Amino acid sequence: MPRPKAKTVQNETLPEVVIPQPAPVIEETETFDAIDEAEVSDSGSAQSKIFDVIADIGHGYGKFLCGNRQAVFATVISSVQPDEADFASTTKRKPFVIEVSGQYYAIDQDALENRRNLRRRLDQSGLGGELHRVVMIAGFTQVVPENANIRMITQIPISWYNQKDKLFDLADRYTGSYGGKPFWYVLKHKDIVVYPESFGTIICHCFNNKGELVHDFGKQKIIVIDCGTQTTNIGVFEGLRFIGPQSFTVQAGMSDVWEHIQGAINRDYKRKPTLDDIDRAIRDNQGKFTLGAKTIDLNEPEYLPTAIQQIAHTIASEIQNNLEGGTLGNFILGGGGGWQHIQPYIQAHFGDQLLDSNDFPAARKIDPWMYNVTGLKRFELFKVARNGAAK
């Protein structure tokens, strides 16, 4: 089958884009949307500008976009005391410590340096809960330039899409401080838009940064492999039409890689490092992990390569089992933070079905872990151009 070629498509020939949208049943008297206008006007939020924030509040990393601002950080947090909130102030880097409702939270590297009360949201049990909220607010502080009403465009793993209403629990009025400066954000139910994970990846390949469609898959079926920290989402699309019944989530991701390496180091050295330290070694130190006075090369076969091979095999097997050996799709696109690691193994399983993102000008300069949020931002621009206003 010939490989798809990029072509410019005029608006009148746009392909069908059908994405399931949440339609929660909300009692107006009980929701944050019903808040009294006079009540919020004291802080100015009733008249404040609305900022669109694209938010991937991931298990491993948070990715946030707002206008030209971008933030990526590890979604690990630590509760700290007020007198500890400036513990990183001796470095050139501004401490990533936020205060929300009187509680101080260190985020990302500052949490790791604190080494106490480390928490990371590694499953869906806390969806819409405290950790989810703290990571979301932390992202707002990095990309929203002022106190504001927020319209948040976010995503959820495909197999948990029926729990998307829990994301509406994030609607609230938030007050706190960051860097010694107070902030407030207002997020209403009606201003939360939810998409299934993987959708942003295919959009990132098909739309440019102006929200213009520059590649059309037509009626070809595309399998998107979105490899994240806790899960890998397999989205199936006909053109840009999401096919929910054929799409699914695989319980395998980079956290499985960290856990394998943790167990192997414990086996070899009788010491059990933290998953976050293993992640940092892979991400920031070319796989060189320091354990006391010992430096361990995680690129040795028994560590990272074996772990990656195992999750790649799991992902490929699930695709073969659920999608008739992968033949239900014409081509495959990949993305997510784990994609760079599993890509060679997926290539070995599916050969010419796997498309190279470098062949797509719209995605060529985007890091794989940014495909989803970048795509969702571009899709919002497309909707504005198409409808005159984002919906």
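## Topic: the pattern of salt bridges
In the structure shown here, the tally under the stated rule is 12 salt bridges. Where Lys63 meets Asp56, a salt bridge forms, and the shortest distance between an N and an O atom there is 3.3 Å. Accessibility assignment for this pair places Lys63 and Asp56 in one class, buried. The residue Asp172 makes a salt bridge to Arg133 at a minimum N-O spacing of 3.0 Å.

## Some words on the state of the cysteines
All told, the structure shown has 0 disulfides when counted by the stated rule. Of all cysteine sulfurs, the one in Cys206 lies closest to Cys204, which takes part in no disulfide; the gap is 9.3 Å.

## Some details on the packing of aromatic side chains
Tallying each qualifying case throughout the model produces 14 aromatic pairs. Ring geometry for Phe73 versus Phe96: centroids 5.2 Å apart, planes at 80°, classification edge-to-face. A residue pair is termed long-range when its members are at least 10 positions apart, and Phe73 in strand E3 (residues 69–74) and Phe96 in the loop between strand E4 (76–80) and strand E5 (97–100) qualify at 23 residues. When its relative accessible area of 4% is taken as the criterion, Phe73 is described as buried. Both rings, one in Phe217 and one in Phe360, keep their centres 6.0 Å apart while their planes meet at 45°; by these two values the pair is tilted. A residue pair is termed long-range when its members are at least 10 positions apart, and Phe217 in the loop between helix H4 (199–206) and strand E11 (221–227) and Phe360 in the loop between helix H8 (339–350) and helix H9 (371–387) qualify at 143 residues. We classify Phe360 as buried; its relative accessible area is 4%. An aromatic cluster of at least three residues, connected via ring pairs, comprises Tyr195, Phe199, Phe207, Phe237, Phe242, Phe379 and Phe382.

The rules behind each value
- Residues numbered from 1 in each chain as written.
- Predicted model: local features only at pLDDT ≥ 70, side-chain atom pairs only at ≥ 80, totals over all residues.
- Heavy atoms only, no water.
- Salt bridge = Lys/Arg side-chain N within 4 Å of Asp/Glu carboxyl O.
- Buried < 20%, exposed > 50% of the residue type's maximum accessible area, 1.4 Å probe, protein only.
- Disulfide = S-S within 2.5 Å.
- Phe/Tyr/Trp six-rings, centres within 6.5 Å; stacked < 30°, edge-to-face > 60°.
- Helix = DSSP H or I, 4+ residues; strand = E, 2+ residues; numbered from the N terminus.

This is a description of form; function is not addressed.
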